[in-house]
Amino acid sequence: MFTQVTLELLGGFWETIKIFLLTLAFSIPLGLVVCFGSMNKWSPFRRLEAGPLHFLSGWKPIRWLTRTFVWIIRGTPLMLQLIIIFYGPGLMFGLPSMPRMTATIVAFSINYACYFSEIYRGGIESISRGQYEAGQVLGMTKSQIFFRVVLLQVVKRIMAPMSNEIITLVKDTSLARIIGIYEIIWSGEQFIKKGLIWPLFYTGAFYLIFSGALTILFGKLEKKLSYFRG
Amino acid sequence: MAILQVNNLRKGFGDTDVLKGISFSLEQGQVLAIIGSSGGGKSTLLRCLNFLETPDEGEIWVAGKQLLSASEEEIRQNRLHFGLVFQNFNLFPQYSVLENITLAPTLLKQGTAEQIREKAMGLLEKVGLKEKAESYPHQLSGGQQQRVAIARALALNPQILCFDEPTSALDPELTGEVLRVIRGLKNGGNTMIVVTHEMEFARSVADVVMFMADGVIEEMDAPEQVFGDPRSEKTRAFIRGAQEKF
Ligand SMILES: Nc1ncnc2c1ncn2[C@@H]1O[C@H](COP(=O)(O)OP(=O)(O)OP(=O)(O)O)[C@@H](O)[C@H]1O
Ligand SMILES: [Mg+2]
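All values reported here derive from a predicted model rather than from experimental measurement.

1. Quick notes on the overall build of chain A
Within chain A, the secondary structure is distributed over eight helices and zero strands. Secondary structure elements of chain A occur, N-terminal to C-terminal, as α-α-α-α-α-α-α-α. Taking 2.2 N^0.38 as the reference for a compact globule, 230 residues should give roughly 17 Å; the C-alpha atoms of chain A span a radius of gyration of 22 Å, well beyond that estimate. For chain A, the spread of C-alpha atoms along the principal axes amounts to about 75 × 55 × 20 Å. Looking at the 230 residues of chain A, the share that counts as buried comes to 42%. Taking contacts inside chain A between residues at least 6 apart in sequence as the whole, the part at least 24 apart equals 74%.

See the structure below:
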């Protein structure tokens, strides 16, 4: 029996892991794009400062659009986003719906990219102007300053909030069942019909071991970056 | 020919004019000390010279060549004529002392890794921190960090090295080691502009002293003149005030 349950749960766990890894792979870089969007300074009506349309002069459309998008994504439940992304295209535009896993990864990646972008932004904005200026007076280009001077300091500063968010992701993967992904909790639930409750506790053990391993990993990374202060 | 010639430099932030037409020149190898009360525009002047601020008006000439700043790339190149040492050092925390110094020359491909390293070690010796090459900034005292910052600026061979209150963030007992290094640089023939509140230092090291007040050069002359017999009433009041503090 135990072996049978384990095998069944491992099947579900594999889906969980897939969601987790693919979401991270897409949302970590996508978050950087969103982050740059939310800090974008482009302001097409800057020149109207003196005229009657002066209220437009400070408008930064890319920043505004990105921040609005982030606000919507962070302000609504991931479960709702999952449902809309899976059923929406078909019901609204008559398009064929995406495979379940694709829709899951799309929804999770967008959602997590928005959370990550805010963490990145906090990290980037916390670096003192002096660091940029020191790079500038040493003749560095903008990208050299970002990649050679700022980035590692940002990584160090966002380590704690990122690890929180990533551990939350481990648990959020269970939401994917709403659009029919056979993740680990669902696979555990199968056994309720047979009158067994312990497989559900067993799924909990999977989560604990997984997030425990991540905690150890992040601890190691933090330690690795502890050689400097800043 | 002057190494630096500044003509009618103007800079404002919003409605406040901070630099109201600054003109002066500096000869090769000279040390210019800039003194003046808080908010007078000293930092803004240095930041304009290092292209951290864009002047609204005016010209900057270095060794007979006017520095124009039309493109980002041009601005980056212009910055290389100058070096700037900040009040609060701004070392890169994730790099060792040696890496702080070699980073920019490496990115600018100013030689082989070995040449750049050797030069950096030479500079560290000059500022008395050779044994700290492998340390990280947070392991150093403020005075040591500032000396690393000086070595870092020197690594790019700037024609004019600027200091913005290099000892203001330091405990009094640490200012001496930094001022000694700057004095040593003068003897090595470096052209320098030092914004400072250390009147004794300005008097003894500078070839020329500039007193700035409210965005204009109130007085610029030899230190004996400015400190001994200031022409302007404002300068006189400022120097009297500074002497009373000590
Ligand atoms: N980025 C800025 N935006 C707006 N105002 C500024 C900015 N930078 C400087 N100022 C103003 O310009 C004036 C001159 O400042 P600056 O820092 O050049 O003075 P300072 O002579 O270096 O003073 P201190 O001795 O205190 O360092 C001040 O009134 C300051 O408030
Ligand atoms: Mg200042």
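Back to the text.
2. Concerning the sheet that holds strand β3 (residues 31-35) of chain B
Through backbone hydrogen bonds, the strands of a sheet pair up, either in parallel or in antiparallel fashion. Residue and element names in this part refer to chain B. The mixed open sheet is built from six strands, whose spatial order is β6-β7-β8-β3-β9-β10. Whereas interior strands pair on both sides, the edge strands pair on one side only; in this sheet they are β6 (82-85) and β10 (216-221). Neighbouring strand axes in the sheet, compared pairwise and without regard to direction, differ in orientation by 20° on average. Taken together, the four bridges between β3 and strand β9 (residues 208-213) define a ladder with parallel strand orientation. Residue pairing in the sheet places Ile-35 in a bridge with Phe-211 of β9.

3. Quick look at the environment of Pro-166 of chain B
Residue and element names in this part refer to chain B. Tracing the backbone through its elements, the reader meets Pro-166 in the loop between β7 (160-164) and α6 (172-187). Sequence separation between Pro-166 and Val-195 is 29 residues, and the spatial gap between their C-alpha atoms is 7.9 Å. Pro-166 has contacts with Gln-87, Gln-146, Val-178, Ile-182, Val-194 and Val-195, leaving out every residue within four places of it along the chain.

4. A closer look at the packing of helix α3 (residues 97-107) of chain B against helix α4 (residues 113-126) of chain B
All names here are of chain B. Their axes nearest at 9 Å, the elements α3 and α4 cross at an angle of 130°. As summarised for this structure, α3 and α4 are arranged oblique, according to the angle between their axes. Along this stretch, α3 crosses α4, giving a crossing that reads as right-handed. Taken together, the residues of α4 that come into contact with α3 (itself represented by Val-97, Leu-98, Ile-101, Thr-102, Pro-105 and Thr-106) are Ile-116, Arg-117, Ala-120, Met-121, Leu-123 and Leu-124.

5. Observations regarding the site of ligand 1
All names here are of chain B. Lining the immediate environment of ligand 1, one finds Phe-13, Val-18, Ser-37, Ser-38, Gly-39, Gly-40, Gly-41, Lys-42, Ser-43, Thr-44, Glu-165 and His-197. Separating an oxygen atom of ligand 1 from a backbone N or O atom of Gly-40 is a distance of 3.2 Å. A distance of 3.2 Å separates an oxygen atom of ligand 1 from a polar atom in the side chain of Glu-165. With the chains in place, 59% of the 640 Å² that ligand 1 exposes on its own is no longer accessible. Examining the composition of the shell around ligand 1, we find that three residues originate from one element, helix α1 (residues 42-49), more than from any other. Class assignment for the residues of the shell around ligand 1 results in two nonpolar, eight polar and two charged.

6. Digging into helix α2 (residues 61-75) of chain A
Residue and element names in this part refer to chain A. Over its 15 residues, α2 runs 21 Å from end to end, which matches the ideal 21 Å to within 8%, given 1.5 Å per residue. Here α2 has its buried residues at Pro-61, Thr-66, Val-70 and Ile-73. Looking straight down α2, one finds that the buried residues subtend no more than 165° of arc, so they occupy a single side. Those residues of α2 that are exposed and aimed more than 90 degrees away from the buried face are Trp-71 and Gly-75. Buried residues along α2 sit against α1 (2-38), α3 (78-93) and α4 (100-125).

7. Observations concerning the sheet that holds strand β2 (residues 16-26) of chain B
Residues and elements named next belong to chain B. Pairing in this open sheet of four strands is antiparallel, and the strands run β2-β1-β4-β5 from one edge to the other. Every interior strand has two partners, whereas the edge strands, β2 and β5 (65-66), have only one. Judged from the eight bridges that link them, strand β1 (residues 4-13) and β2 form a sheet pairing that is antiparallel. In the strand pairing of β2, Arg-10 is matched with Lys-20. Where α1 meets the sheet, its contacts fall on β1, β2 and β4 (57-62), and the angle it forms with β1 comes to roughly 115°.

8. A look at the interface of chain A and chain B
Accessible area lost upon the coming together of the parts is a frequently used measure of interface size. Listed by partner, the interface residues are 22 residues for chain A and 24 residues for chain B. Of the roughly 2200 Å² buried where chain A meets chain B, counting both sides, 61% is carbon and sulfur surface. It is Val-137, Leu-138 and Arg-148 of chain A that lose the most area in chain A upon contact with chain B, and together they represent 30% of the buried surface on that side. At the junction of chain A with chain B, the criterion picks out two salt bridges. Between Glu-72 of chain B and Lys-142 of chain A there is a salt bridge whose closest N-O contact spans 3.7 Å. Where chain A packs against chain B, one counts nine residue pairs in polar contact (both at pLDDT 80 or more). Contributing elements (two or more residues each) for the side of chain A that touches chain B: α5 (129-137) and α6 (142-172) of chain A. The element best represented in the side of chain A that touches chain B is α5 of chain A, accounting for eight residues.

9. Here we look at the environment of Ala-222 of chain B
Residue position: Ala-222 of chain B is located in the loop between β10 and α8 (223-228). A relative accessible area of 25% means that Ala-222 of chain B is categorised as partly exposed.

What counts and how
- Residues numbered from 1 in each chain as written.
- Chains lettered and ligands numbered in written order.
- Predicted model: local features only at pLDDT ≥ 70, side-chain atom pairs only at ≥ 80, totals over all residues.
- Heavy atoms only, no water.
- Helix = DSSP H or I, 4+ residues; strand = E, 2+ residues; numbered from the N terminus.
- Rg over C-alpha atoms; globule rule 2.2 N^0.38 Å.
- Buried < 20%, exposed > 50% of the residue type's maximum accessible area, 1.4 Å probe, protein only.
- Contact = heavy atoms within 4.5 Å.
- Pairing = 2+ DSSP bridges.
- Axes fitted to C-alpha atoms, helices over the stretch in contact; angles between N-to-C directions.
- Parallel < 35°, antiparallel > 145°, perpendicular 65-115°, else oblique.
- Left-handed = near helix turned anticlockwise from the far one by under 90°.
- Near = heavy atom within 4 Å.
- Polar contact = N/O pair within 3.5 Å; in protein donor to acceptor, adjacent residues only side chain to side chain.
- Areas by Shrake-Rupley, 256 points an atom, 1.4 Å probe, with all protein chains shown as cover.
- Nonpolar A, V, L, I, M, F, W, Y, C, P; charged D, E, K, R; others polar.
- Expected span 1.5 Å × (residues − 1).
- Arc of directions from axis to C-beta.
- Buried area = accessible area lost by both parts, 1.4 Å probe.
- Salt bridge = Lys/Arg side-chain N within 4 Å of Asp/Glu carboxyl O.

No statement about biological role is implied by the geometric values presented.
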